[in-house]
Amino acid sequence: MKLTRRQFLSASLASAAVAPWFAGCVRRPEVVRILWTNDTHGQLVPIYHREAYGPEFLKENGIAWGSVEAYLTSSVDFLSLARRYGKVGGYAYLAALIQKERAAYPGRTLLLDAGDAWYGSAIALLTEGRAVVEVMNAMGYDAMTLHWEFNLGKEVLLARIREAAFPVLAQNLVDTDFEDRVLKASIVKDLEGIRVAVVGQAYPFSLLTTERRDANPGWRMGYREEALQEEIWRVRREEGAQIVILLSHMGYAQDRVFAERIEGVDVIVGGHTHDILWQPVRVGRTLIVQAGSHGKLLGSLDLQVRGGKIVGFRHTLLPVLPQRIDPDPAIDRLITELYAPYRDRLGRVIGEAHSLLYRRHLYGGTTDAFLVEAYREIMDADLGCAPGWRFGTTLLPGPITVEDVYNAMKPTPSPLYRARLSGRRIREAIEDNLDNVFNPDPLQRLGGDVLRCAGARVWFRKENPRGSRVLQMEVNGRPLTEDQMYTVATSGGRTQYMDSQPSQTERPAVEEIIAYIAKRRLIQAERLQTFVEVS
């Protein structure tokens, strides 16, 4: 029998001993509702966003081609569906859905964010995260954790945390002097008699992936697995927590590992890898949920509780489609006010896209292809390289604005660098990146997709051990020579630090790209073909 969308999204993965929702209960269970966002990347207003998932993903999840769910979560027929369904996300529309979902259980609803909320858009960068904090305050978030927020730098980040009307949790962030925790590890909330703990696990490698190495002096991070386990036992034993939620920005594969190794966690609300889990994944006694990215979906998980224990659940991912939702008026007004000082600048049209520009792809999308070629040309370099960031909006063929460049291409303040590196160092950097992505141990992966490079061609085998995945490499059509020096144009990652004295532009790379587009006007790109996987 074919399930309806509602039946499909509500399907329970609980053990066979758990009855369907509310069925056959001697005493009607109580409900705790968890609402969450993750990886919104500061996109306060609606955007376009193309995913990398293909037809297999739709088939595995029972999603019909051409449906709203297909549009939100796959690349299949994206351009035609984008023109049919319009932009996605936007906090005013998220707020309207949240208000509706809260209304059913006003005293037993938690609103959480799993990180990457204050960084990744024009408005987030230009206000140093303040605009997003103000909107989240107005929406009534209960807690969040962190990752890209560390790119703000220690002083600014702490200022934003003080301004937040909700706790920012990170049990795994400590100072380097005594390893004291910098932020709260957890909160425990009494939801009309049901005590629920939320423990925060920030991205363990955040301090290694910031653009400036000195952005957060005096801090140390990591998984801190033993400390996490101790905190979970503490909130249960000392604070009477009946339900424990791990608010995680580690990534789906890492969450699975922790669900196997950490005891006492009922739910992991995850982020970082932008996974779209139409159904929760059960690992042992732990449910893992994640709701994609860029504010396209609002996650909702109802926990059915009896006698202080979870006896069932209902899960839904709610599409955030502005065409079908009236925005929350108060949040809409607030966002308009926050944008007012920047609207003329951000709205300026500087060029036109003649092809679909998207980022999300393991080996680099069309946006990445354009960006690294532009880097190479601007800096007159042999290679143009950029990190394999997962975040970035999609641009449909048509006008390109200044805000589009920030949101889709480069929402960070670093300059454009020109480094001189030997062929050996370039090969080592690529080997290191491939290990970050394909290491069989999820806890050894630093995150992100494969490095984007223009001017290079790399044949590799991902199953090979660390340091030996690259089989062959070319630079501009000629075999890489290990002792030869090459120039590399880059921004946003850490490649420039491999040269002790790289040259750099006076203005941020994003401004260089804006000027580059304004000069050329017409932009077209095909997907990157740098990496060739050998079986």
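Details of the structure are given in the entry above.
For every chain, the first residue of the written sequence is number 1, and numbering continues from 1 along that sequence. Owing to the predicted nature of the model, reporting of local features is limited to residues with pLDDT of at least 70; listing and counting of side-chain atom pairs is limited to 80 or more, with chain, interface and lining totals taken over all residues. Note: side-chain values were computed over all heavy atoms of the structure, leaving out hydrogens and water.

Chemist: Tell me about the pattern of salt bridges, and name the residues and values.
Modeler: Salt bridges are defined as contacts in which a side-chain nitrogen from Lys or Arg sits within 4 Å of a carboxyl oxygen from Asp or Glu. Tallied over the full model, the rule gives 36 salt bridges. Ionic pairing is found between Glu 179 and Arg 224, a salt bridge with its closest N-O pair at 3.5 Å. Linking Glu 179 in the loop between β4 (174-175) and β5 (186-191) with Arg 224 in the loop between β7 (219-220) and α10 (225-237), this pair joins segments that are 45 residues apart in sequence. For Glu 179, a relative accessible area of 40% gives the class partly exposed. Here's how the labels work: a residue is buried when its accessible area is under 20% of the maximum for its type, exposed when over 50%, partly exposed in between, all with a 1.4 Å probe on protein chains only. Judged by its relative accessible area of 25%, Arg 224 is partly exposed. Helical segments are the DSSP runs of H or I of at least four residues, strand segments are the runs of E of at least two, and each set is numbered from the N terminus.

Chemist: How would you sum up the sheet that holds strand β6 (residues 194-201)? Please name residues and give values.
Modeler: By way of backbone hydrogen bonds, the strands of a sheet pair with one another, either parallel or antiparallel. Taken in spatial order, the 6 strands line up as β5-β6-β8-β9-β11-β10 in an open sheet, and their pairing is mixed. Of all strands in the sheet, those bounded by a partner on one side alone are β5 and β10 (281-283). Sheet twist, expressed as the average angle between the axes of neighbouring strands with direction ignored, equals 25 degrees. DSSP calls a pair of strands paired once it identifies at least 2 bridges connecting them. Sheet analysis places β5 next to β6, joined by 6 bridges and oriented antiparallel. Bridging across to β6, Val 188 finds its partner in Ala 197. For every element, the axis is a line fit to its C-alpha atoms; helices are fit only across the contacting stretch, and the angle between N-to-C directions ranges from 0 to 180 degrees.

Chemist: Quick rundown of the sheet that holds strand β17 (residues 415-422)? Include the residues and the values.
Modeler: Strand order in the open sheet formed by 5 strands is β18-β15-β22-β17-β23, and the pairing between neighbours is mixed. Edge strands, defined here as strands with exactly one partner in the open sheet, are β18 (449-454) and β23 (503-508). On average, each strand axis in the sheet is inclined to that of its neighbour by 25 degrees, with strand direction left out of account. Inspection of the sheet shows strand β15 (residues 383-388) paired to strand β22 (residues 485-490) by 3 bridges, in the parallel sense. Residue pairing for β22: Gly 384 is matched across the bridge by Ala 489. Where helix α14 (residues 366-379) meets the sheet, its contacts fall on β15, β17, β18, β22 and β23, and the angle it forms with β15 comes to roughly 140 degrees. Any two residues whose heavy atoms approach within 4.5 Å at even a single point are treated as in contact.

Chemist: Go over the nonpolar core with me, naming the residues and quoting the values.
Modeler: Throughout, nonpolar core names a set of buried Ala, Val, Leu, Ile, Met, Phe, Trp, Tyr and Cys residues whose side chains join them through atoms within 4.5 Å. Of all hydrophobic cores here, the largest spans 86 residues; its most connected members are Tyr 91, Trp 118 and Met 409. Here this core gets 8 residues from one element, more than from any other, and that element is helix α5 (residues 91-104). Not counting residues up to four positions away in its chain, the partners in contact with Met 409 are Leu 357, Arg 359, Thr 367, Phe 370, Leu 371, Trp 389, Leu 395, Asp 404, Ile 513 and Ile 517. Tyr 85, Leu 112, Val 305 and Phe 313 belong to the second-largest nonpolar core, a separate cluster that totals 48 residues.

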